[in-house]
Amino acid sequence: MADDAFFHPAGTLDAGGFEYEVFDPTRASASVWADTMQHGAPPAAIMVRAMEKLVGDGSRVSRVTIDLLGVVPITRTRVRAWVARPGRTISLIAAEMDCVDGTGAYRTVARARAWVLAASDTTAIARDLSPVIAPLDAEPGPVPGFFAHLQDQGFLSACEWRFVTDPGAPDGPKQCWIRPKMPLVAGEAPSPLVQVFSVVDAANGISAYLDPTVVTWMNMDMTVHFHRSPQPVDGWVGLFGDQLVGGEGIGTTVSRLYDGAGAFAVGAQTLLVAAR
């Protein structure tokens, strides 16, 4: 299947009393850890796309949490979303993603939740003291050296990268601008929110100081808190990320997300860190 998008639409499906959208993922969704599993960003984005359709006029998404329940295979996928908690000023939207497993049956591989709040004008009291990220550089930047051998395949090749800080530097937060080279769904222009979730999982990679030939650090979730609506310029999203690792096999990737006007969200990802 052509890698002109992360997913190709494959109709709808009624099952168990629910209606699903069905998709076929392309090789562009492949993870850096294995070419048989999806990177975390495409599953997150396809569920956010479904949830965003249920956001009412005058409301804004304030927080999204994605839980990856296991390996997400590159197989036929179905997605559904629903309002889990309705409300005039505060509501909760949920989504679920299933993939066909080795038995030919659908298995739930990821879930998502989004808090949606009624919008109001707080311009007069707006405040954001986020660190400043350098403007987008016009020159292509390299992917981190330890992932360089994968830069021509899967998710890495499906995105454009502009590193503000040296991706090979061992210490301190990393800064990077990133955008997909292709839409999430073939033939469909992604919304600003979908553009963000098409790349946000990359914070776990761009912030890394660990050597993947020695240890693995896989995230099973991602949470993003928005303090304003994102407006990526030409699809570019800035990531300011750092990796925090303790002495018990657990870590956290923390990040701030940027568009051309500055920071619009903070993110976090739980890491399982293990020696190879």
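Quick note: structure is the one above.
First, a word on scope: everything that follows refers to the structure included in this document. (Residues numbered from 1 in each chain as written. Predicted model: local features only at pLDDT ≥ 70, side-chain atom pairs only at ≥ 80, totals over all residues. Heavy atoms only, no water.)

By the secondary structure assignment, His39 is in the loop between strand S2 (18–25) and helix H1 (41–52). The spacing of His39 and Asp201 is 162 residues in sequence and 8.0 Å in space, taken between C-alpha atoms. In this structure, His39 is in contact with Ser29, Ala30, Ser31, Phe155, Asp201 and Ala202, ignoring residues within four places of it in sequence. Polar contacts involving the side chain of His39 include one to the main-chain amide nitrogen of Ala41, which spans 3.1 Å. (Helix = DSSP H or I, 4+ residues; strand = E, 2+ residues; numbered from the N terminus. Contact = heavy atoms within 4.5 Å. Polar contact = N/O pair within 3.5 Å; in protein donor to acceptor, adjacent residues only side chain to side chain.)

Now for the layout of surface pockets. Over the atoms a probe the size of a water molecule is rolled, and this reveals where empty space is left. The volume enclosed by the largest pocket comes to roughly 720 Å³. Lining of the largest pocket is provided by 27 residues; of these, Arg60, Val61, His227, Arg228 and Ser229 occupy positions nearest its centre. The residue inventory of the lining of the largest pocket, partitioned by class, reads 11 nonpolar, 10 polar and six charged. Taken as a whole, the second largest pocket encloses approximately 490 Å³ of empty space. Taken together, 30 residues make up the lining of the second largest pocket; nearest its centre are Trp33, Asp201, Asn204, Met218 and Asn219. Of all elements in the fold, only helix H2 (154–157), helix H4 (203–206), strand S9 (215–219) and strand S13 (262–275) reach the threshold of two or more residues within the lining of the second largest pocket. (1 Å grid on protein atoms, 1.4 Å probe; cavity = no way out; pocket = protein on both sides within 12 Å on 5 of 7 lines; lining within 4 Å. Points joined across faces, edges and corners; volume = space filled by probe spheres on them. Nonpolar A, V, L, I, M, F, W, Y, C, P; charged D, E, K, R; others polar.)

As a further point, take empty space enclosed by the protein. Considering all chains together, one arrives at one cavity of 30 Å³ or more under this definition. Reported here for the largest cavity is a volume of approximately 40 Å³. For the largest cavity, the full set of lining residues is Val200, Met222, Thr223, Val224, Ser255, Gly267, Ala268 and Gln269. For the lining of the largest cavity, the per-class residue count stands at four nonpolar, four polar and no charged.

Let us now look at the side chain of Thr253. Secondary-structure assignment places Thr253 in strand S12 (residues 250–259). Separated by 3.1 Å, the side chains of Thr253 and Asn204 make a polar contact. If near-sequence neighbours (up to four positions away) are discounted, Thr253 is found in contact with Ala203, Asn204, Ser207, Asp242, Gln243, Gly267, Ala268, Gln269 and Leu271.

These figures capture arrangement, not role.
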